[in-house]
Each structure stands twice: as C-alpha cells, then as structure tokens.
Amino acid sequence: MKKMLLIVCCVISSALVTTGSQADDKNPLVAQIQAMLAKPTTLCGRFDQTKQLSGMKKPLLSNGRFCVVNGKGVVWRTLQPFPSVLRLTRDEIVNYQGDKVAMRLDANQEPAVRMINNVMFSLLGGDLSQLDTLFVVDGKATATNWHATLTARQPGLAKAIGAVSLDGAAYVNTIHMDEASGDHTTIVFSAMQSGDKAMLPEDAALF
C-alpha cells in the first residue's frame, strides 16, 4: 500500500490537470454500482494482502486492520508479519514503523496529498464516481454483486499503476492490482463493520 501511494503521488498531479473534463458522468455501470454500495461514515475491518513479486516463487503475505472515516481519512495498520501504520488525513500521509515516522508527505509541500486521500477513500469505499475522474471504469453488475476494472486515463498513471480491478457487493471485497513491473497484489477485505462502534480504541487514537 505504501508503494502504491508513493507511485500515485509522483504522477497524480500531472494526471489531474488533463483528466477532469474526461470523466464520464453518464456511465450506467458506475451508477448501478453506486446504488448497490453502502455509504457508512465509518468503515473498519480486516485486510489480507498477497503480493507476488516478479521473479519470486513465494508470495509476500501480510494482514491487519483498516479504517476509513469520511471527512477524516484512512488508517491502514499492518499487524503481520511486521507491525506498521499508514495514516492518510486531509493534510498529510504518514507511515509509522513502531513509534518512529518512516515517511511523511505534507500537503503544503505536496499538493497531491489531498487528492490521494480522496482517491484512497474512493478506492476502499468503492466510490467509482470519484475514481471515474482518473480511470475509465468498465465491468459488470448483477442484482447481488459487481466487478469493475479501472484503466488509467493518462499513460503516465497507467505505466505506474498498471491494471486495477475491484469486486464487491455492499462493500468492496477485493482489490487486485497488476503493476507494470510484473508484480501482482491482491487485497481481500473481511469482518467489516460500520458506524461509531466499528473502530477499536487504537484505531481511533490515530485519527
């Protein structure tokens, strides 16, 4: 997740300059998926990430908790194999390794930080109407679930991120990323809870 954020930070500013007028507000798939999605102000749960690096036989496995709070941001807490915290707020992105700050991106120095917050919230929350600004959205939806593929509108963004697909129903259940480098990442979400009681005390402390 941290690598993806750094990639997005490098290319998203230039992409936004030219994609704003290209979003398809009349995409019927986007409207259909939006109607299926729950829209809680707070959503927390478990994630299990599998990353297959090009040239390596065994995938890298990690898991932890995430919380998405509308208007505040995203907290991504990796618990295994090595504890770390990634926090996205309106004004900054911070990566903690234990009690130490390993990375900090400030919105005053990196204007793309605020947009990254919106993109990540949209990605985890399945808000395709926001993602439609940067990506062409395709896929299919049934009465009970949906699948969407995201193709970057700008070549620079496409080269950095590669292909992204999402599967879900009322919430996003799976995110799959095929990076241009040949690496593949799959994130599966489970045990999702919404509302004020969804956050653990340690989650709330990070907001």
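Details of the structure are given in the entry above.
Notes on the structure in this doc start here.

Calculation rules
Think of each chain on its own: its residues are numbered from 1, step by step along the sequence as written. In keeping with the predicted nature of the model, local features appear solely for residues at pLDDT of at least 70, side-chain atom pairs appear and are counted solely at 80 or more, and the whole-chain, interface and lining totals rest on all residues. Derived side-chain values reflect all non-hydrogen atoms in the structure, with water molecules and hydrogen atoms excluded from consideration. For two strands to be treated as a pair, DSSP must find at least two bridges joining them. The secondary structure listing takes helices from DSSP runs of H or I that are at least 4 residues long and strands from runs of E that are at least 2 residues long, numbered from the N terminus. For the exposure calls, accessible area comes from a 1.4 Å probe over protein chains only, and a residue counts as buried if that area is under 20% of its type's maximum, exposed if over 50%, partly exposed in between. Comment: arc refers to directions from the helix axis out to C-beta atoms. Between N or O atoms, a polar contact is any pair within 3.5 Å; within protein, one atom must be a potential hydrogen donor and the other a potential acceptor, and residues adjacent in sequence are included only when both atoms are from side chains. When checking whether two residues touch, look at their non-hydrogen atoms; a contact exists if any pair is within 4.5 Å.

1. So, the pairing of strand β6 (residues 100–106)
- As paired strands, strand β5 (residues 92–97) and β6 are joined by 6 bridges and run antiparallel to one another. Residue isoleucine 93 lies in a different strand from β6, and its bridge partner there is leucine 105.
- Between β5 and the antiparallel strand that follows it, β6, lie 2 residues; glycine 98 among them carries a positive phi value of about 70°.

2. A closer look at the environment of leucine 88
- Mapped onto the elements of the fold, leucine 88 is located in strand β4 (residues 84–89).
- A residue is classified by how much of its surface remains accessible, and leucine 88, at 2% relative accessible area, is buried.
- For the pair leucine 88 and valine 68, spaced 20 residues apart in sequence, the C-alpha separation works out to 9.5 Å.

3. Thoughts on the pairing of strand β1 (residues 42–52)
- Summarising the sheet, β1 and strand β2 (residues 60–69) pair through 10 bridges and their orientation is antiparallel. Counterpart to threonine 50 in the pairing with β2 is leucine 61.
- Inspection of the sheet shows β1 paired to strand β11 (residues 184–194) by 9 bridges, in the antiparallel sense. Of the residues in β11, the one forming a bridge with lysine 51 is threonine 185.

4. Examining helix α2 (residues 28–36)
- Here α2 has its buried residues at Leu29, Val30, Ile33 and Gln34. What you see down the axis of α2 is that its buried residues fit within an arc of 130°, all on one side. The exposed set on the far side of α2, more than 90 degrees from its buried face, consists of Pro28 and Ala35.
- Looking at where α2 begins, the residue whose side-chain oxygen comes 2.9 Å from the main-chain nitrogen of leucine 29 is asparagine 27.

5. Quick look at the side chain of lysine 51
- Relative to the helices and strands, lysine 51 is located in strand β1.
- The buried category is assigned to lysine 51, whose relative accessible area is 13%.
- A polar side-chain atom of lysine 51 sits 3.0 Å from a polar atom in the side chain of threonine 185.
- Residue contacts for lysine 51: discarding those within four places in its chain leaves Pro59, Leu60, Glu179, Asp183, His184 and Thr185.

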